[in-house]
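The chain contents come next:
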Amino acid sequence: MSIERHLLSGNEALAFAARQAGVSLGTGYPGTPSSEILEQFSILGGRAQWAPNEKVALEVGIGVAFARGRALVTMKHVGLNVAADPFFSAAFTGVDGALVIVVADDPGMSSSQNEQDSRRFALAAGVPMLEPSDSQEAYEFMWEALSLSERWRSPVLLRITTRVCHSKTAVVFRNEARPAPASAFTRNIPEKVMIPAHARPAHRRLRERLKAIQAWNEGSSLNRRIGEGKALGIITSGVAFAHAREAVITGSAGIAAGSYATITQKQTDRPDPSDPSEGSASFFKVGMTYPLPLQRLREFAASVDRCIVIEEGDPYLVESLRMAGIAVEDKPEAFRFGELNVDRVRCILSGDTAPETPRTGAKPPELCAGCPHRMTFTTLDRLNCIVSGDIGCYTLGALPPFEAMDSQLCMGASIGIGLGLRHTLRDEEARRVVSVIGDSTFFHSGLTGLAEMVYNPPRTGHILLILDNGTTAMTGLQEHPGTGHGLNHRSSATQVLPENVARAMGVPNVHVVDYGRALEEALEGAMGKDELTVIIMRQPCRLNVKKPATCEPENGND
Ligand SMILES: Cc1ncc(C[n+]2csc(CCOP(=O)(O)OP(=O)(O)O)c2C)c(N)n1
């Protein structure tokens, strides 16, 4: 009987598994490289929705899991910073159904403001974590994560990285489908209401649960030894496994390579490629990277002459192993930065620390022709504004030819930083400070900044400029609370208008403009008076032509 294989990206594979394994609701906030998971889940008929931000998404997911549903919550790495508050406490409360949080890290920052290793979050919060290496594992690990969450009544973190999210590899589906579970609510005040008297025993329960999960993980097939070679042992996880394996297969200094033909054969044998002939090298591939199967790792390290950890990003595995008294070699500090690839792994294995040649030739990003953000930044530059910026396509206003944005940190920061500048600079300079934020970013984390602006206004007032292009352009034109549409672009939703929000919050001057000259006049007027002003520059993104519906809503998603 022939096995049907599907060529899927890791993100698509996660969505297929979520759909087949009966996820009741998928929620999240877009962010590269995670955005396609919910979109694909919706195309497959799953109930999917964008939340205003990751914290809200996780809270909705927790509610689903409190009602015995199966929740999927997706975000990029910095999204987990935003969701950290409920994330840590959900580890205390646990869940009644299933809660899987997919966090997509972006090592090398192909589209992010920082490089951050989310594995630290699993350890810090006490949330079990799985790390797939390819699309097949993404698929399998989603099933496993949902089961683990239900079995241990714990949230589970599924951590992926850019290459796993976006590379396509063959996936064989399970021959099963789980229906979404029946909902039910059981009152359990001591477990669900985190006052100190309840949280103290909850913390003890959490640590007991983690001990039990660790013991279980020692025997779990999520982790596996590949090869029996004794000269070199490589402990690895996630996409680093694929790079390390290829480096070994194709030969690197001091390593007797397994034959290429053998390996090619192995790859077609998926999903169980655990053939033991990797020349003189062997691997311990960790699938569940928190809590670690330390006993098995100890035995593996003791069974090889040289044991090295190949991991992308922070030395998370290295530190965990060393803390457990397992002696392992780590990579030189230079390889902590950026993505790994086969050549870099070869350098690590052979101890080659020669400076790397920087990548060249990539075309710098720029605002599209006809993008309304162009006239905005031309205007801000002409008026010599000090621009406290934010994240979105409009961040490109910081680059030539505009060079008209002065700071950008994280989503929503434009307002607070702008206020801080206004509080501190001399009045003539303070009057030039303008906070600039996109519409999706405004709903994500600008609302509280606006409340701060009204509550603690600077002496010179302040100007908030909201760039309303009617979409979340930067991450692929997703809907948000200001667009009037749900995730599939077709279902209608109550449209929240930023001008109504600003007026309701008590901003005395609110202007909506739609072309450069009107924006210039509004800005000049606002800069001339020491009051609070919100200007909404409303011009649609030129790429946001009507998108086809991604699915027929099936579960009351309209
Ligand atoms: C916490 C967090 N979540 C998600 C992202 C990814 N991201 C960056 S900007 C942005 C929104 C951009 O939309 P908008 O503010 O409307 O600006 P536009 O790109 O449309 O100009 C998103 C989702 C991020 N950087 N940080």
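You'll find the structure just up there.
Rules and cut-offs
Residues numbered from 1 in each chain as written. Predicted model: local features only at pLDDT ≥ 70, side-chain atom pairs only at ≥ 80, totals over all residues. Helix = DSSP H or I, 4+ residues; strand = E, 2+ residues; numbered from the N terminus. Rg over C-alpha atoms; globule rule 2.2 N^0.38 Å. Buried ≥ 20, exposed ≤ 12 C-beta atoms within 10 Å, placed from the backbone. Contact = placed C-beta atoms within 7 Å. Core = buried A, V, L, I, M, F, W, Y, C linked by C-beta atoms within 7 Å. Domains from an automatic or database assignment. Pairing = 2+ DSSP bridges. Axes fitted to C-alpha atoms, helices over the stretch in contact; angles between N-to-C directions. Near = placed C-beta within 6 Å. Nonpolar A, V, L, I, M, F, W, Y, C, P; charged D, E, K, R; others polar.

## As for the overall build of the protein chain
And then number 1: From N to C terminus, the protein chain includes 21 helices and 18 strands.
And then number 2: For a compact globule of 558 residues, the expected C-alpha radius of gyration is about 24 Å, and the protein chain comes in at 25 Å, within 12% of that figure.
And then number 3: Reported as C-alpha extents along the three principal axes, the dimensions of the protein chain are approximately 75 × 60 × 50 Å.
And then number 4: Expressed as a percentage of the 558 residues in the protein chain, the buried residues total 51%.
And then number 5: Partitioning the contacts of the protein chain with sequence separation of at least 6, the portion at a separation of at least 24 is 77%.

## Comments concerning the nonpolar core
And then number 1: Judged by nonpolar contacts, the single largest core of 101 residues is most densely connected at V100, V102, M142, L158 and I235.
And then number 2: Built from parts of two domains, this core gets at least three residues from each of domain 1 (6–172 + 195–218) and domain 2 (224–350).
And then number 3: With near-sequence residues (within four places) excluded, I235 lies in contact with F284, V286, L297, F300, C307, V309, L317 and V328.

## Comments concerning the sheet that holds strand 7 (residues 156–161)
And then number 1: The 7 strands lie next to each other as 3-2-4-5-7-6-12, forming an open sheet whose pairing is mixed. Of all strands in the sheet, those with a lone pairing partner are strand 3 (48–50) and strand 12 (288–290), marking the two edges.
And then number 2: One ladder, built from 2 bridges, connects strand 6 (residues 129–130) with strand 12; its direction is antiparallel. Bridge pairing in strand 12 places M129 opposite Y290.
And then number 3: Each of strand 4 (70–76), strand 5 (98–105), strand 6 and strand 7 is contacted by helix 7 (residues 135–152), which is oriented at about 140° to strand 5, the strand it contacts most.

## A word on the site of the ligand
And then number 1: Around the ligand, a shell composed of 25 residues is seen, among which G392, G438, S440, A473 and M474 lie nearest.
And then number 2: Contributions of two or more residues to the shell around the ligand are made by helix 4 (77–82) and helix 19 (439–455).
And then number 3: Looking at the shell around the ligand residue by residue, the class counts come to 11 nonpolar, 11 polar and 3 charged.
And then number 4: There are two domains that each give the shell around the ligand at least three residues, and those are domain 1 (6–172 + 195–218) and domain 3 (372–538).

## Quick notes on the sheet that holds strand 10 (residues 232–237)
And then number 1: The sheet built from 4 strands is open, its strands ordered 9-11-10-13 with mixed pairing. Either end of the sheet is taken by a strand with one partner, and the two such strands are strand 9 (224–226) and strand 13 (306–310). Each strand of the sheet is rotated relative to its neighbour by a mean of 20°, with strand direction disregarded.
And then number 2: In this structure, strand 9 lies alongside strand 11 (residues 281–286), joined through 3 bridges in antiparallel fashion. Note on strand 11: the bridge partner recorded for R225 is F284.
And then number 3: Across the sheet, helix 11 (residues 239–249) touches strand 10, strand 11 and strand 13, and the angle it forms with strand 10 is around 155°.

## Looking at the pairing of strand 10
And then number 1: When you tally the buried positions in strand 10, you get 6 out of 6 residues, the bulk of the element.
And then number 2: Of the two faces of strand 10, the one holding L232, I234 and T236 and the one holding G233, I235 and S237 are both buried throughout.
And then number 3: Relative to strand 11, strand 10 runs parallel, the two sharing 6 bridges. Within strand 11, the position partnered with T236 by the bridge is K285.
And then number 4: As paired strands, strand 10 and strand 13 are joined by 5 bridges and run parallel to one another. Bridge pairing in strand 13 places T236 opposite I310.

Geometric descriptors of this kind do not, in isolation, establish any biological role.
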